[in-house]
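What the coordinates show
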Amino acid sequence: MSDFDADIPEVREVTGTGVPIRGNDIDTDQIIPARFMKVVTFDGLGQFAFFDVRYDDEDNQKDHPMNEDRFRDASVMVVNDNFGCGSSREHAPQALMRWGIDAFIGESFAEIFAGNCLALGMPTVTADHETIADLQDWIENNPDAEIDIDVESETVTYGDRTVEVTVDDAQRQALVEGIWDTTALMSANENEIDRTAQSLPYV
């Protein structure tokens, strides 16, 4: 348990149904096209997640998992290699969170994307290509079945299988101890920050 007096939930486990998003090097411009970033708040951004991959120029739906009713309530996104690469836009995980995603399982994630997810309390856990491919296939056949991510023990359980995954040490500590929201931590410790600032000769 954290010593900080801030109301930040611990994220030890995430459970939900999955949605498979296949393909390597899916960048943040695909996740949230730049024209949708001219917003004052992130509210409503979820409807624009993967917009150009999901809709044509006449706004007709394309063939994409996020357009399928069977994945509509999914909260665990299962992706491939180097997901979230490209420009460092925090709108990308914000859009996916507002679409309904709580956690990601993938082969690898761009470092800045993973950091932006952590700031929202969203785990980004990794596994090898074969493990991810098997999980994506299983989700296709079992869209209503739950996936359980145990952040603390670094395992993912689905169906009758439990597989080992990797959670970055710093991410695991921040999530499990409830210290992932640095803004809330600073706000909760405002007096201590003020005292420290006043004691510094160069402030």
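Residues numbered from 1 in each chain as written. Predicted model: local features only at pLDDT ≥ 70, side-chain atom pairs only at ≥ 80, totals over all residues. Heavy atoms only, no water.

**Description of the environment of Gly178**
Just so we agree on the cut-off: For helices the rule is a DSSP run of H or I covering at least 4 residues; for strands it is a run of E covering at least 2, with both sets numbered from the N terminus onward. Contact between two residues is taken to exist if any of their heavy atoms lie within 4.5 Å; hydrogens are not considered.
Here Gly178 lies in the loop between helix H6 (169-177) and helix H7 (182-188). For the pair Gly178 and Ile8, spaced 170 residues apart in sequence, the C-alpha separation works out to 5.4 Å. Other than its neighbours up to four places away in sequence, Gly178 contacts Ile8, Pro9 and Glu10.

**A closer look at unusual backbone geometry**
Residues other than glycine seldom take positive phi values, yet Asp25 does so here, at roughly 60 degrees. You can see Asp25 is positioned in the loop between strand S1 (13-20) and helix H1 (28-31). Even without being a glycine, Asp59 presents a positive backbone phi close to 65 degrees. Examined against the element boundaries, Asp59 turns out to sit in the loop between helix H2 (51-54) and strand S2 (76-78).

**Examining the pattern of salt bridges**
How we decide: The salt bridge definition used is simple: a Lys or Arg side-chain nitrogen within 4 Å of an Asp or Glu carboxyl oxygen. Burial classes: relative accessible area under 20% of the type maximum marks a residue as buried, over 50% as exposed, and values in between as partly exposed (1.4 Å probe, protein chains only).
By the definition in use, this model includes 11 salt bridges. Among the salt bridges present, the one from Asp69 reaches Arg72, with a minimum N-O distance of 2.8 Å. Taking relative accessible area as the criterion, Arg72 reaches 36% and is therefore assigned partly exposed. A salt bridge links Arg70 to Glu140; the nearest nitrogen and oxygen atoms lie 2.7 Å apart. Pair noted here: Arg70 is in the loop between H2 and S2 and Glu140 is in helix H5 (residues 129-141), with a separation of 70 residues, a long-range link. Using a relative accessible area of 26% as the deciding quantity, one classes Glu140 as partly exposed. One salt-bridge network, held together by shared partners, links Arg22, Glu68, Arg70, Asp137 and Glu140.

**Structural notes on the pairing of strand S7 (residues 161-164)**
Where a strand is regular, its side chains alternate between the two sheet faces. The cut-off we apply is this: Two strands form a pair only when DSSP identifies at least two bridges running between them.
Pairing analysis gives 4 bridges linking strand S6 (residues 155-158) to S7, with the strands arranged antiparallel. Each bridged residue has a counterpart across the sheet, and for Val156 the counterpart in S7 is Val163. In textbook terms, the turn of a hairpin is the stretch between consecutive antiparallel strands, and for S6 and S7 this stretch comprises 2 residues, one of which, Gly159, has a positive phi near 55 degrees.

**Looking at the side chain of Glu107**
As a reminder, the rule being used: His is not counted, nor are the chain ends, whereas Lys and Arg count as positive and Asp and Glu as negative. Definition of a polar contact: a pair of N or O atoms within 3.5 Å, with one able to donate and the other able to accept a hydrogen when the atoms are protein atoms, and with sequence-neighbouring residues admitted only if both atoms are side-chain atoms.
Relative to the helices and strands, Glu107 resides in the loop between strand S3 (103-106) and helix H4 (111-118). Despite being buried, Glu107 has no salt bridge partner; Arg22 is the closest side chain of opposite charge, sitting 8.6 Å away. At 2.8 Å, the side chain of Glu107 and the side chain of Asn80 are in polar contact. Discounting chain neighbours no more than four positions away, the residues touching Glu107 are Asn24, Val79, Asn80, Asp81, Thr126, Ala127, Asp128, His129 and Ile132.

**Observations regarding the confidence of the model for the chain**
Spelled out, the test is: Values of pLDDT, the confidence the predictor places in each residue, fall between 0 and 100.
With 83% of its residues at a pLDDT of 70 or more, the chain has an overall mean of 88. Predicted confidence for residues 1-5 stays below pLDDT 50, and this span has 7 contacts to residues more than four positions away or in other chains.

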